[in-house]
Amino acid sequence: MPRSVPLRRLVLALTLSCVLLAGATACGDADGGNRAASSSASPSPTTSAQKQKYAKARFVANAGLAAGAAYQWIVKPYRAGKFKKGADGRTFAMVKAGVAGAFAYNRLNAAAENAKGDPLLSKAVAPLTAGIASLKDVATRMSKGEAGAGDVGAFESVINSVKEAGKSAGAEVKNKVPSTSQLGG
């Protein structure tokens, strides 16, 4: 029993370090802060129709990743009771939820930025920016183990609103669970 305490502390310290690292990388620009590399690496559309098509595709990809992460590591574990005090694996579930929350927040910001490239999508997503911004603190609370039903509901509500806005603008969003490497930055 005494040997498991240092091991637990080591695992907890490593997990929290990963959360902090992921949170720090998730707080960058919507395009990852890599404007110079992205402009030379990706083809640039020449017509406004191509720009709109790419904007919608990027919006769908980013919003889908946000929705998948939120559902897989926030909503589903919450409904399964993993966030309740005394639940088996609660700490790990809360840390994963914090990382997923930071990731989803980052991808939702990127999706909102992508939406600006398409006039119809821009009008549909513009009212949701305040809701997206409100999620920043929720991810932090989750990683600290302070999340409640309202926090999970906030993520679910914003994700559903973004999906509905996309659908109304002809850019249907489907959940896409990100890989572990995508979550880590």
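Residues numbered from 1 in each chain as written. Predicted model: local features only at pLDDT ≥ 70, side-chain atom pairs only at ≥ 80, totals over all residues. Heavy atoms only, no water.

A.B. asks: Just to check I follow, could you spell out the overall build of the protein chain for this structure?
C.D. replies: Along the backbone of the protein chain there are 8 helices and 0 strands. Counting over 185 residues, the protein chain shows a buried share of 36%. In the protein chain, 77% of the contacts between residues at least 6 apart in sequence involve partners at least 24 apart. (Helix = DSSP H or I, 4+ residues; strand = E, 2+ residues; numbered from the N terminus. Buried < 20%, exposed > 50% of the residue type's maximum accessible area, 1.4 Å probe, protein only. Contact = heavy atoms within 4.5 Å.)

A.B. asks: Would you explain the pattern of salt bridges in this entry?
C.D. replies: Between side chains of opposite charge, pairing is possible as soon as their charged atoms come close. Counted under the stated rule, the structure contains 3 salt bridges. In this structure, lysine 116 engages glutamate 113 in a salt bridge whose closest nitrogen and oxygen atoms are separated by 3.2 Å. One salt bridge connects aspartate 151 with arginine 141, and the closest N-O pair in it is separated by 2.6 Å. With a gap of 10 residues between them, aspartate 151 in helix 7 (residues 149-168) and arginine 141 in helix 6 (residues 129-143) connect regions that are remote in the sequence. Relative accessible area serves as the criterion here: at 11%, aspartate 151 is assigned to the buried category. (Salt bridge = Lys/Arg side-chain N within 4 Å of Asp/Glu carboxyl O.)

A.B. asks: It is not clear to me how the side chain of asparagine 62 should be interpreted in this structure. Could you clarify?
C.D. replies: Following the sequence through the fold, asparagine 62 ends up in helix 3 (residues 48-79). Polar side-chain contacts of asparagine 62 include one of 2.6 Å to the side chain of asparagine 114. Every residue in contact with asparagine 62, bar those within four places of it in the chain, is listed here: Arg107, Ala110, Ala111 and Asn114. (Polar contact = N/O pair within 3.5 Å; in protein donor to acceptor, adjacent residues only side chain to side chain.)

A.B. asks: What is the right way to read helix 4 (residues 90-115) from this model?
C.D. replies: Because each turn of an α-helix spans 3.6 residues, side chains separated by three or four positions in sequence point in the same direction. Spanning 26 residues, helix 4 covers 36 Å between terminal C-alpha atoms, matching the ideal 38 Å at 1.5 Å per step. Burial runs high along helix 4: 21 of the 26 residues are buried. (Expected span 1.5 Å × (residues − 1).)

A.B. asks: Mind showing me how you'd approach the nonpolar core here?
C.D. replies: Counting residues in hydrophobic clusters, the biggest one holds 41 residues, and the most contacted among them are Phe59, Ile74, Leu108, Met142, Phe155 and Val162. The set of elements that each furnish at least two residues to this core consists of helix 3, helix 4, helix 5 (119-125), helix 6 and helix 7. At 12 residues, the largest contribution of residues to this core is made by helix 4. (Core = buried A, V, L, I, M, F, W, Y, C linked by side-chain atoms within 4.5 Å.)

A.B. asks: When you look at helix 6 in this model, what are you seeing that I'm missing?
C.D. replies: Where helix 6 bends most, at lysine 136, the angle is about 25°. Taken together, the buried positions of helix 6 are occupied by Ile132, Leu135, Val138, Ala139, Met142 and Ser143. Glycine 145 sits one or two positions beyond helix 6 and adopts a positive phi of about 85°. (Bend = angle between axes of the 7 residues up to and from the residue.)

A.B. asks: Whenever I open this one, the packing of helix 4 against helix 7 confuses me. Can you help?
C.D. replies: A pair of packed helices is characterised by two quantities: the angle between their axes and the separation of those axes. Here helix 4 crosses helix 7 at 30°, and the two axes come no closer than 12 Å. By the angle between their axes, helix 4 is roughly parallel relative to helix 7. The way helix 4 lies across helix 7 gives a crossing that is left-handed. Of the residues in helix 7, those touching helix 4 at Gly101, Ala104 and Leu108 are Phe155, Val158, Ile159 and Val162. Looking at the contact of helix 4 with helix 7 residue by residue, the class counts come to 6 nonpolar, 1 polar and no charged. (Axes fitted to C-alpha atoms, helices over the stretch in contact; angles between N-to-C directions. Parallel < 35°, antiparallel > 145°, perpendicular 65-115°, else oblique. Left-handed = near helix turned anticlockwise from the far one by under 90°. Nonpolar A, V, L, I, M, F, W, Y, C, P; charged D, E, K, R; others polar.)

A.B. asks: Sorry, what's going on with the confidence of the model for the protein chain here?
C.D. replies: Note that predicted coordinates carrying low pLDDT should not be read in detail. Per-chain confidence: the protein chain averages 80 in pLDDT, with 73% of residues scoring 70 or above. Segment residues 24-41: pLDDT under 50, and 12 contacts once partners within four positions in sequence are set aside and those in other chains are kept. (pLDDT = per-residue confidence, 0-100.)

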